[in-house]
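Here are the chains, one letter per residue:
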Amino acid sequence: MTTDLQALLRSLRVWDTELPAFDPGAAPAEPLPLFVEWFAAAVAAGQTEPHTPSLATTDAEGRADVRTVMLHGADTADGWTFASHAGSAKGRQLAARPYAALGFYWPVQGRQIRVRGPVRTAPAEVAAADLHARSTGALAAALTGHQSEVLPSVEELDRASQAAWERAQREPDAPVASWTAYALQPDEVEFFQGDARRRHVRLRYRRADSGWVKELLWP
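Residues numbered from 1 in each chain as written. Predicted model: local features only at pLDDT ≥ 70, side-chain atom pairs only at ≥ 80, totals over all residues. Heavy atoms only, no water.

Thoughts on the pairing of strand β8 (residues 188–193)
Most of β8 sits inside the fold, with 6 of its 6 residues counted as buried. Burial along β8 is two-sided: the face carrying E188, E190 and F192 and the face carrying V189, F191 and Q193 are both buried. Of the pairings in the sheet, the one linking strand β6 (residues 111–121) to β8 comprises 6 bridges and is antiparallel in character. From the neighbouring strand, R111 faces β8, where its bridge partner is Q193. Relative to strand β9 (residues 201–208), β8 is paired through 6 bridges, and the arrangement is antiparallel. (Buried < 20%, exposed > 50% of the residue type's maximum accessible area, 1.4 Å probe, protein only. Helix = DSSP H or I, 4+ residues; strand = E, 2+ residues; numbered from the N terminus. Pairing = 2+ DSSP bridges.)

In structure tokens form, the structure reads like this:
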């Protein structure tokens, strides 16, 4: 089985296509405008779900964890924002250690963006407004609750989910007290442009007292 996996892994290729050029010398002074530019380019190139980065956190014992989340926004005031239940695994981990990293991977263009920094919680009204601006399904999922808790059976999930859907349709402004908006204010943002010849371009923005410092990194 291991041999079969190794053979399969070695048969795979990445970036067997023409990739966009990236001139780090022409990059803006701050990372957010470049993020917006690359994000728009990923959408235009047909990248599937470009707004779903990996979120890495650590628990109270320093053990790493990672999962996929949905990006809710990015701006200079709040940084990169996402949401979850406060009692979920990531919510508990962020409460214990409010520092995290986001990783975006857009293989259509051979691009990655890594963002890391301290995380704070937004006011409850911000989280509520964000949730109620989304779909009925998003509200139903939030109303179902119990995220990351042990599930006794699939049947119990079916019952809770059905009840949540019915309430979300009946009460589109139903409150979800545990729903929390998080804002990651970056210390570092790295832009990675892949190259078929493995001459990858890496540009890191690092926050300093005087503003953002731009640095090239070896691939």
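Structure's up, so let's keep going.
Here's the deal with the side chain of S88
Among the secondary structure elements, S88 is positioned in the loop between β4 (79–85) and α3 (89–96). Excluding its chain neighbours within four sequence positions, the residues that come into contact with S88 are Q147 and S148. (Contact = heavy atoms within 4.5 Å.)

Focus on α3
Three or more residues of α3 are buried, namely A89, K90, G91, Q93 and L94. The inward-facing, buried residues of α3 abut β1 (54–58), β2 (64–68), β4, β5 (99–106), β6 and β7 (179–184).

Some details on the environment of H85
By the element assignment, H85 lies in strand β4. Between the C-alpha atom of H85 and that of V176, which follows or precedes it by 91 residues, the distance is 8.9 Å. Setting aside residues no more than four positions away along its own chain, H85 makes contact with G91, A141, A142, G145, Q147, V176, S178, W179 and Y182.

Considering the pairing of β9
Taken residue by residue, a regular strand's side chains alternate between the two faces of the sheet. Bridge analysis of β9 against strand β10 (residues 211–217) gives 7 bridges, and the strand direction is antiparallel. Looking at β10, one finds that R204 is bridged to E215. Between β9 and the antiparallel strand that follows it, β10, lie 2 residues.

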